[in-house]
Amino acid sequence: MARAFDILIVGGGQAARRAAEGARAVAPEASIAIVGEETHPPYDRPPLSKEILLGKADASLCCKRDAASFAADRIELILGTRVAALHLNDHKIETASGERIGYGKLIIATGSRARSLPAPAAIADKVLTLRTIDDATRVAAHLHEGAHIVVIGAGFIGLEAASAARARGARVTVLEAADRVLGRVFPIEAAARVERLHRDAGVDLRLGAKLDEIAPDGGRVRVSVGAEKLLADLVVVGIGIIPNTELARAAGLAVDDGVVVSAEGATSHADVFAAGEVTRHPVRGASAMRIESWQVAELQADAAGRSAAGAPTAYDAIPYFWSDQYGVNMQMFGLIRPDGAILVRAAGESALIFSIGADGRIAGAIGFNAGADMSIAKRMIGAPAPVGLEDAATPLRKLLRAGATA
Amino acid sequence: MSWHQVAQADDVPEDEGLCVKIDGHAIALFRVEGEIYAIDDLCSHAEASLAAGFVDGGLIECPLHQACFDIRTGKVMTGPATEDVRSYRVKIEGGAVLVER
Ligand code: FES
């Protein structure tokens, strides 16, 4: 007999779990299923590039719930199953094996996949991306004293991998094609701090490095950069992720980089919602964005799940992101305005870097070991930048209060 | 379980936490609407001191990744933490704060 669910979620990651939980919270009776390609129950990714690589924890740290817990909540897991097509007019999805599963409401939570680099088969097990539990377990196995790890791409994933590899005693070279790290996210003032962090930790960080070839070399990997050849025991490829929008696009949904959704997570098609980092959703202070973060997978997905289950819920959080490298905590709230000004408030090891919009308002803040000031900075976003913001001797809390009463 | 004197009530500030130790175990004291509460200082997500976090009414925001806990109960309100932190009974005697552990 053909299966059908009131709420069917395509994609098996954190956003899928959160969408299911959101739906369950408002629809206790609904039948809910998650169709995931991986064989693991949904898991959270942040620990993959942090605790797991550091060897501080195993994969279970990523799993907020096990299969039994999903079952107890009557969320059916259909795992190891690739979805081949969405038949929106029939309210059905089709799996790669040809099964058709019906739905009342569909939630697309297909997430993203790592962009990879072509490598000869002989070294395919030594040129790895870092996206799944299996990836992280494989990478972690290579991180040890004396190993040489070449990281390609100085984005957050690559830099967190570098940090973990150094912590485990490996020699690390980071190759970045741009002339700075974190080019897509951090302003130069913040990026420079991150670069210093890595160099101080002994990473051979090469900016403007043009990768020519990756080839086998006597059981190791030869990475050619111009005239130079680097011999690596492992190459970690961190050159970005690609949103999995193909199913949505093929089904005729509006896609613009991500699957276009309203604040409630509704797509351009009735009865179809989208959740997590595959979405392009409205963002406070911007038009709409696709954002790769834990927060989006956690909270936007929850809202989309509730909306799909009949309780329209808007997602309107200030964008938030964190990373921990070499024991330094980095957090970011809001947006960095390329057309605005940057204001640095630094005291020793800790710093807050504010992005001030052309309108004089605080658009975003990046903190390095900023502690509770980060919470205060969050509350300042959208407000006019107070006089003396860069003066670390004036407690931020005082400026917040002054702003509130002004 | 027994009662331990950990601080003077006057030492617990209004909008910040105070970290105290009982047999080496860190406990965070907070004041909410005049009442003093005690929860585990260590965030249930990673290595952060909740006493160093930001107090917003009855909630404490973790300084590392913004998980939020109810100061009165230790219940986790938002992630990335998923587990509650333990909360302890508190009594005030002659201006001193006693915590049961
Ligand atoms: S350590 Fe508290 S939220 Fe991560």
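Further up the page is the structure itself.
The following refers to the structure shown. In this convention, every chain numbers its residues from 1, walking through the sequence in written order. All chains are assigned letters beginning at A, and all ligands numbers beginning at 1, according to the order in which they are written. This being a predicted model, a pLDDT of at least 70 is required before a residue's local features are given, and a value of 80 or more before pairs of side-chain atoms are given or counted; all residues contribute to the totals for chains, interfaces and linings. Excluding hydrogens and water, the side-chain values take into account all heavy atoms of the structure.

**Focus on the interface of chain A and chain B**
(1) Moving on: Here a residue-residue contact requires only that any non-hydrogen atoms of the pair lie within 4.5 Å. In this assembly, 17 residues from chain A lie in contact with 15 residues from chain B.
(2) Moving on: Considering only the side of chain A, the residues that lose the most area to chain B are Ser375, Arg379 and Arg397 of chain A, jointly responsible for 33% of the buried surface there.
(3) Moving on: Salt bridges are defined by distance alone: a side-chain nitrogen of Lys or Arg within 4 Å of a carboxyl oxygen of Asp or Glu. On inspection of chain A and its partner chain B, the count reaches four salt bridges.
(4) Moving on: A salt bridge links Glu61 of chain B to Lys378 of chain A, with the shortest nitrogen-to-oxygen separation between them at 3.4 Å.
(5) Moving on: Elements are defined by DSSP. Helices are runs of H or I of four residues or more, strands are runs of E of two residues or more, and each kind is numbered from the N terminus. Broken down by secondary-structure element, the contributors of at least two residues to the side of chain A that touches chain B are β22 (320-325), β23 (328-334), α9 (373-380) and α10 (396-405) of chain A.
(6) Moving on: Looking at which element gives the most residues to the side of chain A that touches chain B, the answer is α9 of chain A, with five residues.
(7) Moving on: Looking at side-chain class alone, the side of chain A that touches chain B contains seven nonpolar, four polar and six charged residues. Throughout, the accessible surface (probe 1.4 Å) given up by two parts as they are put together, summed over both, is called the buried area. In this classification, Asp, Glu, Lys and Arg are treated as charged, Ala, Val, Leu, Ile, Met, Phe, Trp, Tyr, Cys and Pro as nonpolar, and every other residue, Gly included, as polar.

**Examining the layout of surface pockets**
(1) Moving on: Reported here for the second largest pocket is a volume of approximately 720 Å³.
(2) Moving on: Whether a set of points on the 1 Å grid over the protein atoms alone is a cavity depends on a 1.4 Å probe fitting there but being unable to get out, while an open set qualifies as a pocket with protein on both sides within 12 Å along at least five of seven lines; lining residues are those with an atom within 4 Å of a point. Glu51 of chain A together with His45, Ala46, Glu47 and His65 of chain B are the residues nearest the centre of the second largest pocket, which is lined by 32 residues in total.
(3) Moving on: Contributing elements (two or more residues each) for the lining of the second largest pocket: α2 (51-54), α5 (156-167) and β22 of chain A.
(4) Moving on: With four residues, the single largest contributor to the lining of the second largest pocket is α5 of chain A.
(5) Moving on: Classifying every residue of the lining of the second largest pocket gives 13 nonpolar, 10 polar and nine charged.
(6) Moving on: Where each domain begins and ends is defined by an automated method or by a domain database. Structurally, the lining of the second largest pocket is a two-domain feature, drawing no fewer than three residues from each of domain 1 (4-113 + 241-308) and domain 2 (116-237) of chain A. Grid points are joined across faces, edges and corners, and a volume is the space filled by probe spheres set on the points.

**Here we look at the packing of helix α1 (residues 14-26) of chain A against helix α8 (residues 294-308) of chain A**
All names here are of chain A.
(1) Moving on: For every element, the axis is a line fit to its C-alpha atoms; helices are fit only across the contacting stretch, and the angle between N-to-C directions ranges from 0 to 180 degrees. Closest axis-to-axis distance for the α1/α8 pair is 7 Å, and the angle between their directions is 35°. At the point where α1 passes α8, the crossing takes the right-handed sense. Residues Gln14, Ala15, Arg17, Arg18, Ala19, Gly22, Ala23, Ala25 and Val26 of α1 pack against Trp294, Ala297, Glu298, Leu299, Ala301, Asp302, Gly305 and Arg306 of α8.
(2) Moving on: Per-class residue counts for the contact of α1 with α8 are nine nonpolar, three polar and five charged. Two helices cross in a left-handed way if the nearer one is turned anticlockwise from the farther one by less than a right angle. They cross in a right-handed way if the turn is clockwise.

**A short note on helix α6 (residues 188-200) of chain A**
One turn of an α-helix holds 3.6 residues; hence residues three or four places apart share an orientation.
All names here are of chain A.
(1) Moving on: Over its 13 residues, α6 extends 18 Å from the first C-alpha to the last, a length consistent with the 18 Å expected when each residue adds 1.5 Å.
(2) Moving on: Categorising residues by exposure relies on relative accessible area from a 1.4 Å probe, with only protein chains included: less than 20% of the type maximum marks a residue as buried, more than 50% marks it as exposed, and the intermediate range marks it as partly exposed. Within α6, the full set of buried residues consists of Ala190, Ala191, Arg193, Val194, Glu195, Leu197 and His198.
(3) Moving on: Count one or two residues on from α6 and you reach Gly202, which has phi positive near 95°. What a helix is expected to span follows from its residue count: subtract one and scale by 1.5 Å.

**Concerning empty space enclosed by the protein**
Residue and element names in this part refer to chain A.
(1) Moving on: If you walk through the whole model with that rule in mind, you get one cavity of 30 Å³ or more.
(2) Moving on: Size it by volume and the largest cavity reaches roughly 40 Å³.
(3) Moving on: As for the largest cavity, its lining consists of His281, Pro282, Val283, Arg284, Tyr315, Asp316 and Ala317.

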